[in-house]
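# A closer look at the structure
The residues making up each chain are set out below.
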Amino acid sequence: MMETDPILLVKKAAMKDAENTEPRQEKMCRYAKQIFIVLLASLPNLFMGVTFTWPNVLRAHLATDNTTLFGAELHLSEWDFDMINSLVCIGSVFGLLLSGWLFQRISRKKSLIVAMVPGLVGWATLGLAVNTPMLLFGRLCDGMTTGMTTQIVVTYAVEIPDTAIRGTACSTTTILFLFGTALSVILSLAMTWYAVALSNVGAVLVYICLIVPFLPESPTFLIVTEKEKEATKVLRKLRGNYSNIKTEMALIKNMNDEVAGDKGWSFILQREMQKKFLVLTILSLVQGFCGTEVLRPNVLKILEMSGVTGSTDLFVIILILVPISGAFVMSCIIDRLGRRGCLVLSLAFTMIAYVVLGSTIFVQTLPLTSVVPIEFNDTAKQPPYQVELSDDTRQLTIIISLIVCIFGMNIGIQSLPFQLASEYFPTTIRSQAMSLNLIVGYAINAIPLTLYSAMNNLLTTAGLFYFFAAVSGIGVVFTLLCVQETALMLVG
């Protein structure tokens with residue numbers, strides 16, 4: 001719940017007046033410290049990025065050497081690869097079911113540790129896998145950690161920083177995720193698929209043992225659990241000497257009062273909450289069916305089916321570094337342009353790129369027939385000639401369109417639905433409400449991942465891109481009409 005009460009708005013104005021007296025240099029240092037804290041807490045998103053692109057590593061390595069760490073041979077069908085992709089989303093649902101209940105009862109720091117446990121098991125299983133069932137089980141475990149960390153990392157990122165930089169701070173979680181997708185590919189150039197998996201086991205252990213213990217606890221969690229003394233200490237370190245700590249604590253308490261009396265999941269019965277759930281669910285449908293989850297694990301497959309030839313390693317590196325650029329741009333504009341503005345801009349980019357992709361691929365399968373004969377004075381004898389796009393032009397168009405599409409996704413629709421799911425609800429119900437929204441979101445995202453091959457066969461590659469373009473267009477209209485802005489607003 002965001003602030004709407006006039007008294008709360010007056011109190012917030014008083015907070016801003018206090019912040020305005022803070023010297024700019026001190027404020028910038030404080031902001032940098034908050035972003036660094038969020039960056040450290042968000043390292044699970046780095047591992048998550050490796051999780052999502054690891055199937056590309058597996059596919060590429062098995063094409064040349066299908067042996068495991070222990071010398072056994074793996075033979076995977078296209079259906080197996082589809083399941084390897086989709087089980088992460090399915091596992092995320094189980095992780096979210098647990099986290100929604102658990103994270104409301106334990107501290108945010110403990111939640112960060114608990115969330116990584118299934119991932120430890122999953123990566124160890126993948127690294128030691130000798131058959132397909134072990135691969136599928138490992139991906140299911142990784143999916144559980146993906147769901148749990150998506151919730152707790154974004155929640156922590158929302159609760160730590162000042163409202164003025166909350167969007168930028170939360171964007172670091174996306175940037176780390178995208179660095180993880182690039183890291184997976186870079187590691188695969190020198191390591192086997194199972195070595196990449198086992199390296200993640202060591203990285204997760206370092207995070208649990210050497211990083212999380214030194215992070216500050218979420219001040220909003222301490223406030224709503226009536227640990228005011230500890231909350232005051234944490235807020236003083238985060239907000240500095242010029243901020244009105246008592247006013248911020250009073251605001252957070254008041255904004256949680258309306259739902260504080262709800263037990264369990266009874267807040268779902270509130271009409272205002274139902275409206276927010278509906279908006280976030282439709283936004284998840286747009287996110288899932290505009291291709292965001294399909295492109296990432298299927299880049300190589302899409303390039304092959306589009307007839308693009310050349311250095312696949314170069315193409316993959318380009319298509320993974322581009323999202324990092326998009327996320328960086330989003331981090332620079334999100335607190336100025338707002339969440340809605342970023343979503344509209346993102347979906348407009350993807351819609352245009354998908355139309356160009358679909359048209360280019362459609363034209364290559366249907367050569368153009370000229371209405372002009374070869375010989376102007378011999379129209380009766382010469383049949384109309386056929387013209388095709390040159391191979392270089394077609395491939396360049398496809399690659400540029402994919403780059404624009406992936407860049408567009410990462411300035412909004414790829415990550416903002418998760419951030420909005422956290423910002424829409426106050427601390428008292430944030431874990432449960434966000435878990436419910438993310439369960440729906442991951443279930444939706446699992447559908448196009450699981451059915452990607454079937455959808456591509458039914459609609460054709462060009463038709464699938466046209467479908468993604470139509471969904472993106474619908475998303476632009478929906479965002480403008482229904483999505484509530486949260487930028488620069490205290491969310492409790």
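Going by the structure above, here's the rest.
Let me sum up the structure you'll find in this document. Remember, predicted model here, so these are calculated numbers, not experimental data.

The rules behind the values
Residues numbered from 1 in each chain as written. Predicted model: local features only at pLDDT ≥ 70, side-chain atom pairs only at ≥ 80, totals over all residues. Heavy atoms only, no water. Core = buried A, V, L, I, M, F, W, Y, C linked by side-chain atoms within 4.5 Å. Buried < 20%, exposed > 50% of the residue type's maximum accessible area, 1.4 Å probe, protein only. Contact = heavy atoms within 4.5 Å. Salt bridge = Lys/Arg side-chain N within 4 Å of Asp/Glu carboxyl O. Helix = DSSP H or I, 4+ residues; strand = E, 2+ residues; numbered from the N terminus. Patch = residues over 30% accessible without salt bridge, like charges linked within 9 Å, V, L, I, M, F, W, Y side chains within 5 Å. Areas by Shrake-Rupley, 256 points an atom, 1.4 Å probe, with all protein chains shown as cover. Lys, Arg positive; Asp, Glu negative; His and termini not counted. Charge placed at Lys NZ, Arg CZ, Asp CG, Glu CD. Axes fitted to C-alpha atoms, helices over the stretch in contact; angles between N-to-C directions. Left-handed = near helix turned anticlockwise from the far one by under 90°. Nonpolar A, V, L, I, M, F, W, Y, C, P; charged D, E, K, R; others polar. Phe/Tyr/Trp six-rings, centres within 6.5 Å; stacked < 30°, edge-to-face > 60°. Lys NZ or Arg CZ within 6 Å of the ring centre and 35° of its normal.

Glancing now at the nonpolar core. As a rule of thumb, soluble globular proteins bury nonpolar side chains together. Ranked by internal contacts, the top residues of the largest apolar core, which has 117 residues, are W54, L58, L135, W193, Y207 and Y354. Other than its neighbours up to four places away in sequence, L135 contacts W54, L58, L74, L76, I84, L126, A129 and W193. Counting eleven residues, the second-largest nonpolar core is a separate cluster that includes M48, V88, I320 and A327.

Right, let's get into the pattern of salt bridges. Tallied over the entire structure, the rule returns eleven salt bridges. In this structure, the salt-bridge partner of E159 is R108, at a minimum N-O distance of 2.8 Å. Of this pair, E159 sits in helix α6 (residues 132-159) while R108 sits in helix α5 (residues 108-127), and the two are 51 residues apart along the sequence. The same class applies to E159 and to R108, which are both buried. A salt bridge links E423 to R339; its shortest N-O distance comes to 2.7 Å. With a gap of 84 residues between them, E423 in helix α17 (residues 416-423) and R339 in helix α15 (residues 312-365) connect regions that are remote in the sequence. The network of salt bridges with common partners includes E22, R30, D162, R239 and E248.

Here we come to a positive patch on the surface. On the surface, a cluster of positive charge is contributed by K33, K229, K233 and K237. The greatest single-element share of the positive patch, amounting to three residues, is contributed by helix α10 (residues 228-239). Secondary-structure assignment places K229 in helix α10. Take K229: its relative accessible area is 66%, and that puts it in the exposed class.

Let's shift gears to the packing of helix α3 (residues 43-62) against helix α7 (residues 166-188). At their nearest, the axes of α3 and α7 sit 6 Å apart, and the two run at 35° to each other. As for the relative orientation of α3 and α7, their crossing is right-handed in sense. Between α3 and α7, the residues in contact are L43, N45, L46, M48, G49, V50, F52, T53, W54, V57 and H61 and T173, L176, F177, F179, G180, T181, L183, S184 and S188, respectively. Here the contact of α3 with α7 is built from residues that sort into eleven nonpolar, nine polar and no charged.

What follows covers the packing of aromatic side chains. Counted under the stated rule, the structure contains twelve aromatic pairs. Summarising the aromatic geometry, the rings of F52 and F177 are spaced 5.7 Å apart at their centres and angled 75° between planes, so their arrangement reads as edge-to-face. Residue F52 is located in helix α3, and its partner F177 is located in helix α7; the two are separated by 125 residues in the primary sequence. F177 matches F52 in its accessibility class, with the two residues each being buried. Ring centres of F349 and F407 lie 6.0 Å apart, and the angle between their planes is 80°; this geometry places the pair in the edge-to-face category. Of this pair, F349 sits in helix α15 while F407 sits in helix α16 (residues 391-409); the two residues are 58 residues apart in sequence, bridging distant segments of the chain. For F407, a relative accessible area of 23% corresponds to the partly exposed category. Ring pairing ties together the aromatic residues F289, Y354, F465, F467 and F468, which thus form one cluster. Its guanidinium or amino end placed over the ring of F81, R59 lies 4.3 Å from that ring's centre, counting from NZ or CZ. The ring of Y424 has K276 lying over it, and the distance from NZ or CZ to the ring centre is 5.8 Å.

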